[in-house]
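# Coordinates in review
Given next are the chains, with one letter for each unit.
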Amino acid sequence: MKKISVDALVIGAGFAGLYMLLKLRDRGLNVQVLEAAGDVGGTWYWNRYPGARCDVISVEYCYSFSKELQEEFKWPERYSGQPDILKYIQYTTEKFDLRKNIQFNTKVTDAIYNEDTQLWQVKTEEGQVFETTYFIMGTGCLSVPKEPDFKGIDSFNGEFYLTGKWPHNEVSFEGKRVAVIGTGSSGVQVIPEIAKKATHLTVLQRTPSYSIPGKNFPLDDTYLQDIYKRYDEIRHKAKTGTRGVGLTNVQGTGKSIKEFSREEAFKMMAETIEKGTSTLSSLFNDVKNDPEADQIIREFLYEMLDKIVKDPQTANLLKPNYPLLSKRYSLGLEYLETYNRDNVTLVDVLNDPIEEITPKGVKTKNTEYEFDMIVCATGFDGMTGAISKINIEGKNAVKLKSKWAAGPRAYLGLMSNGYPNMFTITGPGSPSILANAVMSIEQHVEWIDQCIQHMQTNNIAALEPKLEEENKWVQHVTDIAEPFFISKGNSWYLGGNIPGKPRVFMPYIGGLGAYTDICNTIAATGYQTFSKKTALMQTHK
Ligand code: N01
């Protein structure tokens, strides 16, 4: 088989891969993108279940690199739905003529580094072989759904769907008895939509989610024109702040919640929600790690839930019993209200666990339920799922899987020692999904682009982080998360949802702005924390 030689091979055509392609192509590199799906979009290509949308405000959940693009694409809603996010990604693809460098329906199986040639050899399931100087993973943090492994799953006679791999054809719920398994962010979104159409919806809940009511509304031209005027300031705030957002920042009090009377604190939280902001955590400085502070915020949320959900037994079942900030909470759009519908039943599968899927439906320890359709919103193999699907071998033929057996080890979430010129966009150890993912992606792509420019101008053929620097960073990522609830919850942030996955807190909690400063300082001081091998630059045209 003839090898196809390129300068840079980018895996994935979502927000990350597309921008990486554009940057490196503009730099004059010969870039090829390989994408497993049939079109662009990444996670927004696959997650097309009813109700799918991003809980970052749309005018912020989009690229900032092009002023023209920013003002050209008219976001229809405050939190626009998946069809519009996908439309935006397609629009960007056409605008910058990116499609010609993307090969779809192509799954990468192996990536092997050759120390003699200083090139990566990348193989695909379809039998192609690529040779590349730069191997860049834009494979996303939440792109590999956790495959449900219920006993008897194949015996079910009805329709079966995964939210993370939703079909392209329309799925009809009309006249059907539907079950949803999973009440994380995806479940919280799909449940209200199915409830509106199905004859009956049964939600099989193992762990309730905190769902904070959000406000969505159509955007008119006045709103958009105001944003356009303020975009520079909004984006500056987003990039220098913690969470990659410039609009939704709550004016924090900088104080402990305990410094306020219960009435005062509850009033402030109610007003914040009323204004359409769900980030209650930003109001007070101790709700991320102080159990007493968490208790107060939880009591507020329980009280709110009791007011919304009419049946007290259902309301009690919906109350999470873990700290608010130990997991990602969800933006609720009609979520809690859905449980007031006559056609919706909440079943507790924590105390009556699912034993198997049968031809007729779901059998728990005590009951057998009959369904026409089962929808699994059971989550993802987060952050490392897509990377670990590829057989990656670095220097001395060491498999990345072995190196990461006890948890991912990466420097800045960008590169890993022993794997020269391999970059991971929003990899483990970076703020990635703890911030607005598009801002995280732009920062990584721009850093990688600058790094490649540095390599080219300095005749560096191979660059990798020094092991001692990587070890320090991995320790730092663990240490700064340690005091906070988020590092202890049983969430996908720690691989807690995947049996056998090492429990390591993967994202960097220090905030996007602080992290960007660290990355920029490293670049400005000549990448001293990296080892470099100088050789004749290989270019492939
Ligand atoms: O996945 P999850 P998700 N039996 O892992 C349950 C992003 N996102 O797809 O907690 C019964 O959060 C599981 O129960 P438990 C966002 O970053 C964003 O919902 O393991 N139940 C849990 O309830 C988010 O954090 C947006 O006890 C089982 C659920 O399935 C991330 O994606 C929208 C089970 C999985 O929840 C993941 O969210 C959607 C079993 N065997 C997603 N196995 C927005 O921007 C699993 N569960 C709004």
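Residues numbered from 1 in each chain as written. Predicted model: local features only at pLDDT ≥ 70, side-chain atom pairs only at ≥ 80, totals over all residues. Heavy atoms only, no water.

Taken as a whole and judged by the stated rule, the model has 5 cavities of 30 Å³ or more. Here the largest cavity is characterised by a volume of approximately 80 Å³. In terms of lining, the largest cavity is formed by Pro408, Ala410, Pro428, Gly429, Trp473, Val474, Val477, Thr478, Val504, Phe505 and Met506. Split into classes, the residues belonging to the lining of the largest cavity amount to 9 nonpolar, 2 polar and no charged. In this structure, the second largest cavity is lined by Ser209, Tyr210, Ser211, Leu301, Tyr302, Met304, Leu305, Pro320 and Leu336. Among the elements that take part in the lining of the second largest cavity, helix α8 (residues 291–308) stands out by supplying 4 residues, more than any other. Classifying every residue of the lining of the second largest cavity by side-chain character gives 7 nonpolar, 2 polar and no charged. (1 Å grid on protein atoms, 1.4 Å probe; cavity = no way out; pocket = protein on both sides within 12 Å on 5 of 7 lines; lining within 4 Å. Points joined across faces, edges and corners; volume = space filled by probe spheres on them. Nonpolar A, V, L, I, M, F, W, Y, C, P; charged D, E, K, R; others polar. Helix = DSSP H or I, 4+ residues; strand = E, 2+ residues; numbered from the N terminus.)

Glancing now at the pairing of strand β13 (residues 354–357). Regular strands have side chains that alternate between both faces of the sheet. Pairing analysis gives 3 bridges linking β13 to strand β14 (residues 361–364), with the strands arranged antiparallel. Paired with isoleucine 354 across the two strands is threonine 364, which belongs to β14. In this antiparallel pair of consecutive strands, β13 and β14, the connection spans 3 residues. (Pairing = 2+ DSSP bridges.)

Moving on, we get to the site of the ligand. Around the ligand there are 23 residues in total, and Ser185, Ser186, Arg206, Thr207 and Trp492 lie nearest to it. Here an oxygen atom of the ligand sits 2.9 Å away from a polar atom, N or O, in the side chain of arginine 206. A distance of 2.8 Å separates an oxygen atom of the ligand from a polar side-chain atom of tryptophan 492. Protein chains bury 86% of the 910 Å² of accessible surface belonging to the ligand in isolation. Ranked by residues supplied to the shell around the ligand, first place goes to helix α5 (residues 185–197) with 3 residues. For the shell around the ligand, the per-class residue count stands at 8 nonpolar, 9 polar and 6 charged. (Near = heavy atom within 4 Å. Polar contact = N/O pair within 3.5 Å; in protein donor to acceptor, adjacent residues only side chain to side chain. Areas by Shrake-Rupley, 256 points an atom, 1.4 Å probe, with all protein chains shown as cover.)

Read from one edge to the other, the open sheet built from 3 strands follows the order β13-β14-β15, with strand pairing classed as antiparallel. Lying at the two open borders of the sheet, with one neighbouring strand each, are β13 and β15 (368–370). Strand-to-strand twist across the sheet, computed as the mean angle between neighbouring axes with direction ignored, equals 20°. (Axes fitted to C-alpha atoms, helices over the stretch in contact; angles between N-to-C directions.)

A word on unusual backbone geometry. Unlike most non-glycine residues, leucine 412 shows phi in positive territory, near 60°. Relative to the assigned elements, leucine 412 resides in the loop between α12 (400–403) and β18 (422–424). Of the residues examined, leucine 412 reaches a relative accessible area of 0% and is grouped as buried. Even without being glycine, asparagine 459 reaches a positive phi, approximately 55°. Mapped onto the elements, asparagine 459 comes out in the loop between α13 (437–457) and β19 (460–465). Judged by relative accessible area, asparagine 459 falls into the partly exposed class, the value being 29%. (Buried < 20%, exposed > 50% of the residue type's maximum accessible area, 1.4 Å probe, protein only.)

What the domain assignment reports for the protein is domain 1 (4–144 + 382–539) and domain 2 (211–376). For domain 1 and domain 2, the distance between their C-alpha centres works out to 29 Å. The interface of domain 1 with domain 2 comprises 35 residues on the first partner and 38 residues on the second. Across the domain 1 to domain 2 interface the summed buried area is about 3100 Å²; carbon plus sulfur atoms make up 55%. Summed over the shared surface of domain 1 and domain 2, the result is 2 salt bridges. Here glutamate 442 makes a salt bridge to lysine 239, at a shortest N to O gap of 3.8 Å. In this structure, the connection of domain 1 to domain 2 is made through 23 residue pairs in polar contact (both at pLDDT 80 or more). (Domains from an automatic or database assignment. Contact = heavy atoms within 4.5 Å. Buried area = accessible area lost by both parts, 1.4 Å probe. Salt bridge = Lys/Arg side-chain N within 4 Å of Asp/Glu carboxyl O.)

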